[in-house]
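Structure at a glance
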Protein chains: 2
Amino acid sequence: MSQIDYFTEDRSVEAVNARMGDEVSPRLREVMASLVKHLHGFVKEVELTQEEWEVTIEFLTRTGQICDDKRQEFILLSDTLGVSMLVDAIQHRRPPGTTENTVFGPFHVDGAPVLDMGANISLDGKGETCLYEGRVQDPDGNPIEGARIDVWSDNSEGFYDVQQPGEQPEWNNRGVFITGADGRYWFTGIKPVSYPIPDDGPVGQMLGHLGRHPWRPAHMHFMLNHPNHERIVTHTFVSGDDYLTSDTVFGVKESLVVDYVLNESGETKWKAHFDFVMVPNQ
Amino acid sequence: MSQIDYFTEDRSVEAVNARMGDEVSPRLREVMASLVKHLHGFVKEVELTQEEWEVTIEFLTRTGQICDDKRQEFILLSDTLGVSMLVDAIQHRRPPGTTENTVFGPFHVDGAPVLDMGANISLDGKGETCLYEGRVQDPDGNPIEGARIDVWSDNSEGFYDVQQPGEQPEWNNRGVFITGADGRYWFTGIKPVSYPIPDDGPVGQMLGHLGRHPWRPAHMHFMLNHPNHERIVTHTFVSGDDYLTSDTVFGVKESLVVDYVLNESGETKWKAHFDFVMVPNQ
């Protein structure tokens with residue numbers, strides 16, 4: 001039994017990682033070894049105190065305990081620390097000129113109705129109407145036929161339908177559109193509004209201690225699927241929103257900010273144009 | 001609005017940390033900035049996938065949800081990743097020749113009875129008896145009078161009394177002793193046994209995936225308090241235990257391993273000698 005087998009402050013990372021068994025998969029070994037290295041690196045860099053450690057344990061425990069089938073506080077934590085966007089960025093590095101991803105968010109619902117182009121997805125009659133239109137194309141500018149465009153947004157009061165069951169009509173501000181040969185899409189929704197993420201739990205308290213607000217800038221969600229192209233999960237953001245540069249989940253990318261212009265000649269108050277460029281499958 | 005305000009993969013750490021408000025306390029700012037740096041460093045180093053992120057969110061959620069007033073799974077997680085020992089090591093760097101700390105553990109109970117020197121703390125009559133004896137002294141070898149020695153261990157079946165309320169006598173294998181002018185202590189307990197940490201939850205599953213066992217080597221807990229000296233929280237470990245070099249919580253230090261010798265001339269089967277050296281308050 002040599003000294004080298006024991007944990008010491010200096011050798012803490014090596015001591016922990018040396019315990020992994022021979023049968024551990026290479027990927028799990030890589031991930032855990034890196035996690036332990038960075039976790040210990042953090043504790044050493046700040047010389048975390050016993051009291052701070054206790055606060056952390058208590059915070060993580062409350063974060064787990066507030067979760068239920070409708071609320072996922074650990075995702076909020078990941079979002080507000082920029083981890084969700086970082087994972088998304090790493091997994092969706094795309095060529096310049098193609099549409100960037102952003103966070104999926106917790107409010108997508110499978111099974112929204114497939115609608116004809118031009119349909120109105122705002123079923124509660126609230127908010128300022130907006131025509132959404134544009135094209136789905138490949139990097140060479142060719143239209144993509146058969147792209148499935150799933151859209152969803154909050155209503156004019158800042159809530160998604162699933163946050164207000166019974167109060168909002170089912171599938172309010174949701175729909176699925178499928179492009180024709182010209183790759184075009186168009187539908188009516190509302191000009192969405194900014195809203196705070198749920199901030200009455202541990203993550204909201206954390207944001208408060210950090211002098212941060214819980215707001216997200218107004219955005220319309222889009223998910224585009226096509227068999228021959230890489231899926232796009234993204235939002236378009238409303239130009240001029242107060243929270244564009246301080247989105248609490250760091251979701252904004254400059255290429256996704258869209259000018260909402262007054263629709264002088266049309267039936268809606270606003271018009272928002274955005275073209276999607278999908279990356280062909282490798 | 002310049003590009004620099006938005007989150008990118010390259011600038012993820014700076015983007016998140018720039019959000020902290022001006023009023024944040026310097027220490028919280030330091031801790032959070034380091035946490036974000038190391039957390040993002042981990043995600044970038046392994047290029048964490050969306051699926052791995054989802055597994056992590058789910059793991060943390062379950063870890064929080066299994067916690068209750070008797071079980072603290074996040075402390076187990078901290079323990080098994082070496083974080084608890086690391087925090088303890090950083091906070092209790094002591095001069096050579098003084099008694100080293102180790103983890104406090106979850107099984108201490110305040111209010112154990114103060115007993116006369118020589119008393120027997122094993123109330124269930126199970127296990128192999130052992131005389132614990134030694135001296136409490138300062139770094140110059142002077143005895144420390146009035147040191148309060150709080151001791152606790154599992155019983156011969158590997159359970160603390162608080163894990164088996166109603167089954168074990170109250171205060172089984174617990175007691176408090178106060179040193180006299182000679183600084184000596186002596187009491188009868190049992191030779192403790194190794195035991196697994198609770199491994200039927202997320203942390204146990206993690207250990208399984210990592211090819212690790214959940215066992216702790218046999219140990220007797222000691223907490224020493226004296227008004228003029230730094231508190232000691234430590235264990236003594238039973239020499240020869242199978243798990244000395246693989247304690248699942250990394251608690252073993254070489255200086256804390258004690259030979260249990262047959263007590264040929266005494267009333268107990270075993271004898272374990274250990275001298276404590278306390279560091280005077282600064």
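Remember, it's a predicted structure, so these values are computed and weren't measured experimentally. (Residues numbered from 1 in each chain as written. Chains lettered and ligands numbered in written order. Predicted model: local features only at pLDDT ≥ 70, side-chain atom pairs only at ≥ 80, totals over all residues. Heavy atoms only, no water.)

1. Some points on the pairing of strand β7 (residues 219-226) of chain A
Residues and elements named next belong to chain A. A large share of β7 lies buried, amounting to seven of its eight residues. Bridge analysis of strand β2 (residues 148-152) against β7 gives five bridges, and the strand direction is antiparallel. Bridge pairing in β7 places Val151 opposite Phe222. In the sheet, β7 pairs with strand β8 (residues 229-238) via seven bridges, with the strands oriented antiparallel. By the bridge assignment, His226 is partnered in β8 with His229. Linkage of β7 to β8, two consecutive antiparallel strands, is achieved through a turn of two residues. (Buried < 20%, exposed > 50% of the residue type's maximum accessible area, 1.4 Å probe, protein only. Helix = DSSP H or I, 4+ residues; strand = E, 2+ residues; numbered from the N terminus. Pairing = 2+ DSSP bridges.)

2. Focus on the packing of helix α2 (residues 26-46) of chain A against helix α5 (residues 83-91) of chain B
The geometry of α2 of chain A relative to α5 of chain B is characterised by a closest axis approach of 10 Å and an angle of 20 degrees between their N-to-C directions. Taken as axis vectors, α2 of chain A and α5 of chain B run roughly parallel relative to one another. Here α2 of chain A runs over α5 of chain B; the crossing is right-handed. On α5 of chain B, the residues that touch Leu39, His40, Val43 and Lys44 of chain A of α2 of chain A are Val83, Leu86, Val87 and Ile90 of chain B. (Axes fitted to C-alpha atoms, helices over the stretch in contact; angles between N-to-C directions. Parallel < 35°, antiparallel > 145°, perpendicular 65-115°, else oblique. Left-handed = near helix turned anticlockwise from the far one by under 90°. Contact = heavy atoms within 4.5 Å.)

3. A short note on the nonpolar core
In terms of nonpolar packing, the biggest core is built from 68 residues, with Val43, Leu48 and Met206 of chain A together with Val43, Leu48 and Met206 of chain B touching the most fellow members. Sequence-distant contacts of Val43 of chain B, that is, excluding residues within four places in its chain, are made with Val83, Leu86, Val87 and Ile90 of chain A together with Leu48 of chain B. Phe187, Met220, Leu244 and Met278 of chain B belong to the second-largest nonpolar core, a separate cluster that totals 30 residues. (Core = buried A, V, L, I, M, F, W, Y, C linked by side-chain atoms within 4.5 Å.)

4. A short note on the confidence of the model for chain A
Confidence along chain A averages 96 in pLDDT terms, with 99% of residues attaining 70 or more. Per the prediction output, this complex has pTM 0.93; the corresponding ipTM is 0.94. (pLDDT = per-residue confidence, 0-100.)

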